[in-house]
Amino acid sequence: MRAAAAAFYGAALGLLLVGLRELLTGFEENRCSMTYMFEYPEYRRVSLPRRVARLYPAYGLYLYGEGLYAQETRALKLTGAPVLFLPGNAGSYKQARSLGSVALRKAENMEGGVHLNVFTVDFNEELVALYGGSLLQQTHFLHESIKAILRLYKLKTPPQSVVLVGHSMGGVVARALFTLPRFNPHLVSLIITQASPHMAPVLALDPYLLDFYTAVRQKWVNQAAKLRNITVLSVGGGYRDYQVRSGLTSLPCPPGDPNKLSLVVTAVPRTWVSTDHLSIVWCKELVLATVRAFFDLIDAQTGQFTDDPERRRSVLNHHFIRHPVRTLRDVKDTSVPILDVPEAWSEVNSLRLSYRTPKEGQLKYFLFALPSRRNAYSHFYCRSNNLEMSSWVFGCLHGNASSCGHAVDLSMGTELLPAYKVLVLSLADLSSFTHLVVSASNLNSKQFTVECEWQREESLTRPVSVPHVLSFGFQASDVTVNSSGLLHNIQLLHFHQVYQAFRISVVSHCRGTRDRLPGVYRMRVPWFREDSFTTASAPSATEISGMLHTSRPDNGSSVLLQLHTAPNCQYKVSVRTSFPKVLGQVLRFCGPLVPVYTSVALLLACGGQLSSILASGRAADMSEAVGGALQLHKVNLPLYLLHILLSCCRGLLPPEDVLPPTPPDEALPEWVESGEEWRHLLAPLLYVLGAAVAFWASALLRLLVRLASLLLAPLHRPSVSRGAGTLRLRTRLLLAVCLAAAGSTSCGALAIAAASLLHLNRVLRLQMTERSLSHMLNLAPRKQKPAANGAPEAGERGLLSEGALQEVRDDLQLHLSLATLLLLPAVLSAPSLLHWSRSLRFCTRLDPDPCWLHSVPLVCVSLLLINCNTLQLSNSRLLPVVSCLPLPLAVTMATFSSLHLYRIVYFLLVVLVPLGVCCVL
């Protein structure tokens, strides 16, 4: 039985490790370029008012500088546009050096002395992603910092606002500014966040974190009209960021607000890379896009950031969403003259143009007649690897076969891809033009390629149904794209859930060996800006990971695999389910549920121990108790029925623990709620994974206890009593008072950790006693005396020794189960303890303390359970009632603790407190 359980949980642990490996390493290599400082960075501390410095002694405000600029700003006489960087969870204020250094280099090439003043805030590297008690303090300090920054400027037209750049939780703090009652919204008009979990916290280990999120959400949703002119851009890191998944970086705001933009960094033009949680700060490609946007936002007259929300939106769209390979300073008049040079014109009568410019510079225009193509074709597609910021496609108003006297620039519809720029024109929008003109002039003698063709809309898209998620890669969906055409769309039907994951193979075969433009494969998601790009030569074999950051909000759109292909090549696309990637997606989105189900398994294991003591007076073996904790029929079936009941009785019963509901009048994107249903379908798998963690964690605990007993055996006085490690009543009362006082005056998590260690000492003493008794019985031969019938009979000493050994073993198994339950609160409160220890030099008491309230009952229960044994429990009248508590509490815990992880401690207390009373009554 033990071997079967070990094999089962070993397989479950293997699945968990496969998913973790895919989550942590199953992505592209880091293709970000590092940003380097050209001179030694300096951080000039900005003096704050005494009141602020006294209230926030752990925080600070700094101005970033290098070289000559750092010397010029020593007196803090500033003339630039202010930008304030906010570090995130455990982040350093020195992370602003990438943004500040690139901004200084960019300012060297700007006219009129336009530059940025990059400030940064020191939040003492606090763990605010795990401990929410400091978030409100950081928000207040940020408010004071903004006011202090604006007071530094003594100009005729000083800045009226500060641009905020927030990394991780720093972005959430930036949006929380607007919840402060005395905050002036005009002080901040633009916020750019990087890998910030706006939708919900990654792990909610205390109530302060969720209260903070609730306040921010309500402010931005309920007062969306007042905050409409505040521009917010949220950038997610993609699949390399396994700490904050990109779905959480979406801004929770009403739909239709054009000034709230959410996207993934893989979709940012001229970036196209995925970043991990730290590299998103220093990734050169993204930093350049951010700095370029900042300088385009500066008003040339004032040298400060523009107050026009339309201007901010157009600049951010230009640099972060769709780059037209044009500068924003181009004139708005799209009517342009074209030189009348007859030898430069060539009319194209074929369906496709492929032209490579010569090494010598020349003037060249290609003319495409529209009237003869309107009925047969719907679109005109053109691409070029000439990435100069210039116009290149025009609509001719009145042209002929050899010239075009006047034309309209159509290049603003150009989209920049990793290898070239692309323009797709709908012929229905070109009714006023007679010809299209494509410029292939290379007056600077630079060689490039231009490829154009006429297209039919109905022949561009090929639908293909993706395999089922449970096909495990044995089934493939194949589609072959013929050699004709430069653009093809593969519509991936039924691909709309985040738990789906595919390996998409694109194999190209070409005729001839001539040079070709590389192919660009784009995974296009219509409902969220999470497009990803892959560049491949032709011929080649390329594999693409097909996964989603967000689920589809409706039934009207499908994921598109857009292939920008080479001419005279055939492409075969094969789609297979990747089971490791499916496991990775399950852990990416449902990972916080694994510790919940681990707690469920440990709670049911303790319930199994209590039932065994009630039935036979003996405790079951720890491995058997934890192995039998996987009770799918007793947990998942009531769990699903409770889910249906709570869904039907909303408002009458407590809400289920999911993402916060959406207001009906100003709704968030529907995928916030629709993505929760499939989690209940995955609950059995998550339960198995959680039970596997509980099984092997308890096995590891038993192994560590045995190793510690071996190491401490020379220091241990041999004992043959089950009372080894127990404490007198006076000692327990004194410890309870001391730990409760320590928890109230310093940190509640400290008292919880100390109580857990005291109980572990009891487990260790029992293990050493069990080991001593076993050795004594093995070394001392059993005395025998003849019985009345002549048969040998065990002596009295032998009976007593074996009985004592069995009692100690029963107590050891019981206390091992209790130790796992008592260690859970210590683990969940560890972030608070770590935060308190890192802030000791500023304050000796953690305020607010999320653990103080339940630390007192946990300490008292732990001290009561130290002296508990199986004999006391079996004689207790409360044991039949207490043994029935773990199962309903396990179901309730799985329902109401998936987001509020700190509630696990409350459910454990409901079992531990009556169990402690059983030891007394």
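Just so it is clear, the structure is predicted and the values come from calculations on it, not from any experiment.

K.L.:
Looking at this structure, I do not really get the overall build of the protein. What am I missing?
P.N.:
Broken down by element type, the protein carries 27 helices and 30 strands. Taken along the three principal axes of its C-alpha coordinates, the protein extends 130 × 70 × 55 Å. Counting every position in the protein, which comprises 921 residues, the buried fraction comes to 57%. Of the contacts made within the protein by residues no fewer than 6 positions apart, 82% connect residues no fewer than 24 positions apart. Counting every atom, the protein has about 39,600 Å² of accessible surface; 57% of that belongs to carbon and sulfur. Across the protein, the 84 positively charged side chains and the 63 negatively charged ones have centroids separated by 6 Å.

K.L.:
Explanation requested: the environment of Thr 565 in the structure shown.
P.N.:
Along the chain, Thr 565 turns up in the loop between β27 (559-564) and β28 (569-577). Sequence separation between Thr 565 and Val 450 is 115 residues; the distance between their C-alpha atoms is 14 Å. Those residues within four positions of Thr 565 in sequence are excluded, and the remaining contacts are Arg 383, Gly 485, Leu 486, Leu 487, His 488 and Tyr 571. Separated by 3.1 Å, the side chain of Thr 565 and the backbone oxygen of Gly 485 make a polar contact.

K.L.:
Teacher, can you tell me more about the pattern of salt bridges here?
P.N.:
Pairing between side chains of opposite charge can happen when their charged atoms approach one another. Scanning the entire structure with this criterion turns up 24 salt bridges. The partner of Asp 257 in a salt bridge is Lys 260, with the nearest N and O atoms 3.0 Å apart. Overall, the relative accessible area of 11% leaves Asp 257 in the buried class. Look at Lys 260 and you get buried, because its relative accessible area is 9%.

K.L.:
Help me out: how do you make sense of the packing of helix α15 (residues 632-648) against helix α26 (residues 886-896) in this one?
P.N.:
Each pair of packed helices can be summarised by the angle the axes make with each other and by the distance between the axes. α26 packs onto α15 with a crossing angle of 55° between their chain directions and a minimal axis gap of 9 Å. Regarding the angle of α15 to α26, the classification is oblique. Our pair here, α15 against α26, has a crossing hand that is right-handed. Here Lys 634, Val 635, Pro 638, Leu 639, Leu 642 and Leu 646 of α15 lie close against α26, whose contacting residues are Leu 887, Val 891, Ala 894, Thr 895 and Phe 896. When the residues that make up the contact of α15 with α26 are grouped by side-chain class, the tally is nine nonpolar, one polar and one charged.

K.L.:
I would appreciate a short explanation of helix α6 (residues 169-176) in the present structure.
P.N.:
Each turn of an α-helix holds 3.6 residues, which means side chains three or four residues apart point in the same direction. Among the eight residues of α6, eight are classified as buried, and the element is accordingly described as predominantly covered. Where α6 is concerned, the buried positions are Met 169, Gly 170, Gly 171, Val 172, Val 173, Ala 174, Arg 175 and Ala 176. In the core, the buried residues of α6 are packed alongside β3 (81-86), α5 (135-151), β5 (163-167), β6 (190-194) and α7 (207-222).

K.L.:
Would you mind showing me how to read the domain arrangement of the protein here?
P.N.:
Interfaces are often described in size by the accessible area the parts lose on coming together. With domains assigned, the protein is organised as domain 1 (31-321), domain 2 (335-457), domain 3 (460-579) and domain 4 (592-668 + 677-776 + 802-919). For domain 1 versus domain 4, the distance between C-alpha centres works out to 42 Å. Each partner contributes to the interface: domain 1 provides 30 residues, whereas domain 4 provides 26 residues. On the domain 1 side of the interface with domain 4, the three residues burying the most area are Leu 127, Tyr 131 and Leu 205, jointly 24% of the side's total. Where domain 1 packs against domain 4, one counts one salt bridge. One salt bridge connects Arg 838 with Glu 125, and the closest N-O pair in it is separated by 3.6 Å. In terms of residues, the side of domain 1 that touches domain 4 owes the most to one element, α7, which gives six residues. Here the side of domain 1 that touches domain 4 is composed, by residue class, of 20 nonpolar, five polar and five charged.

K.L.:
Help me understand the environment of Met 34 in this model?
P.N.:
With respect to the secondary-structure elements, Met 34 resides in the loop between α1 (2-25) and β1 (41-45). Each C-alpha atom of the pair Met 34 and Glu 285 lies 8.9 Å from the other, and the pair is 251 residues apart in sequence. Discounting chain neighbours no more than four positions away, the residues touching Met 34 are Trp 282 and Lys 284.

K.L.:
So what exactly am I meant to see when it comes to the sheet that holds strand β16 (residues 415-416) here?
P.N.:
Sheet strands pair via backbone hydrogen bonds, and the direction of the pair is either parallel or antiparallel. Spatially, the five strands line up as an open sheet ordered β11-β19-β13-β17-β16, and their pairing is antiparallel. Strands with a single pairing partner mark the edges of an open sheet, and in this sheet they are β11 (352-356) and β16.

K.L.:
Where do I start with unusual backbone geometry in this structure?
P.N.:
Excluding glycine, residues mostly carry a negative phi; peptide bonds, for their part, are mostly trans. Each neighbour pair has its own omega, and for Ala 538 with Pro 539 the value is 0°, a cis peptide bond. With respect to the secondary-structure elements, Pro 539 resides in the loop between β25 (532-536) and β26 (540-546). At the junction of Asp 847 and Pro 848, the peptide bond is cis and its omega measures out at 0° in the coordinates. Secondary-structure assignment places Pro 848 in the loop between α22 (830-838) and α23 (852-866). A positive phi angle is found at Val 325, which is not glycine, with a value near 55°. Relative to the assigned elements, Val 325 resides in the loop between α10 (309-321) and β9 (335-337).

K.L.:
Which parts of the structure should I look at to understand the state of the cysteines?
P.N.:
By definition, a disulfide links the sulfur atoms of two cysteines through a covalent bond. Scanning all chains against the criterion turns up three disulfides. Residue Cys 32 pairs covalently with Cys 283 via a disulfide, S to S 2.2 Å. Given an S-S torsion of about -85°, the disulfide between Cys 32 and Cys 283 has left-handed geometry. A residue pair is termed long-range when its members are at least 10 positions apart, and Cys 32 in the loop between α1 and β1 and Cys 283 in the loop between α8 (279-282) and α9 (284-297) qualify at 251 residues. Side by side, Cys 32 and Cys 283 carry an identical accessibility label, which is buried. The disulfide partner of Cys 510 is Cys 569, and the S-S distance across this bridge is 2.0 Å. Between Cys 510 and Cys 569, the disulfide has an S-S torsion of 110° and is therefore right-handed. Here Cys 510, found in strand β23 (residues 502-510), pairs with Cys 569, found in strand β28; they are 59 residues apart in sequence, far enough to count as distant. Residue Cys 569 is classed as buried on the basis of its relative accessible area, which comes to 1%. Cys 868 supplies the cysteine sulfur nearest to Cys 606, a cysteine that is in no disulfide, at a spacing of 9.8 Å. Cys 606 gets classed as buried once you look at its relative accessible area, which sits at 1%. There is no disulfide at Cys 918, and the cysteine sulfur nearest it, in Cys 919, is 6.8 Å away.

K.L.:
I tried to follow the side chain of Thr 542 on my own but got confused; where do I start?
P.N.:
Position of Thr 542 among the secondary structure elements: in strand β26. Accessibility expressed as a relative area gives 11% for Thr 542, which makes it buried. Setting aside its immediate chain neighbours within four residues, Thr 542 contacts Ile 504, Ser 505, Val 506, Tyr 521, Thr 534 and Ala 536.

K.L.:
What am I meant to see in the pairing of β28 here?
P.N.:
One face of the sheet, then the other: side chains in a regular strand alternate in exactly this way. In terms of strand pairing, strand β21 (residues 476-481) meets β28 through six bridges, oriented antiparallel. When the bridges of β28 are listed, Asp 478 appears paired with Ser 574. With nine bridges connecting them, β23 and β28 associate as antiparallel partners. Opposite Arg 503, over in β28, you have Arg 576 as the bridge partner.

K.L.:
Any chance you could explain the packing of aromatic side chains here in plain terms?
P.N.:
Centre distance and the angle of the planes are the two values used to describe a pair of aromatic rings. Applying the stated criterion across every chain yields a total of 26 aromatic pairs. Pairwise contacts between aromatic rings join Phe 8, Tyr 9, Phe 695 and Trp 696 into one cluster. Sitting over the face of the ring of Tyr 420, Arg 383 holds its NZ or CZ atom 5.0 Å from the ring centroid.

Reading guide: rules and limits
- Residues numbered from 1 in each chain as written.
- Predicted model: local features only at pLDDT ≥ 70, side-chain atom pairs only at ≥ 80, totals over all residues.
- Heavy atoms only, no water.
- Helix = DSSP H or I, 4+ residues; strand = E, 2+ residues; numbered from the N terminus.
- Buried < 20%, exposed > 50% of the residue type's maximum accessible area, 1.4 Å probe, protein only.
- Contact = heavy atoms within 4.5 Å.
- Areas by Shrake-Rupley, 256 points an atom, 1.4 Å probe, with all protein chains shown as cover.
- Lys, Arg positive; Asp, Glu negative; His and termini not counted.
- Charge placed at Lys NZ, Arg CZ, Asp CG, Glu CD.
- Polar contact = N/O pair within 3.5 Å; in protein donor to acceptor, adjacent residues only side chain to side chain.
- Salt bridge = Lys/Arg side-chain N within 4 Å of Asp/Glu carboxyl O.
- Axes fitted to C-alpha atoms, helices over the stretch in contact; angles between N-to-C directions.
- Parallel < 35°, antiparallel > 145°, perpendicular 65-115°, else oblique.
- Left-handed = near helix turned anticlockwise from the far one by under 90°.
- Nonpolar A, V, L, I, M, F, W, Y, C, P; charged D, E, K, R; others polar.
- Domains from an automatic or database assignment.
- Buried area = accessible area lost by both parts, 1.4 Å probe.
- Pairing = 2+ DSSP bridges.
- Disulfide = S-S within 2.5 Å.
- Phe/Tyr/Trp six-rings, centres within 6.5 Å; stacked < 30°, edge-to-face > 60°.
- Lys NZ or Arg CZ within 6 Å of the ring centre and 35° of its normal.

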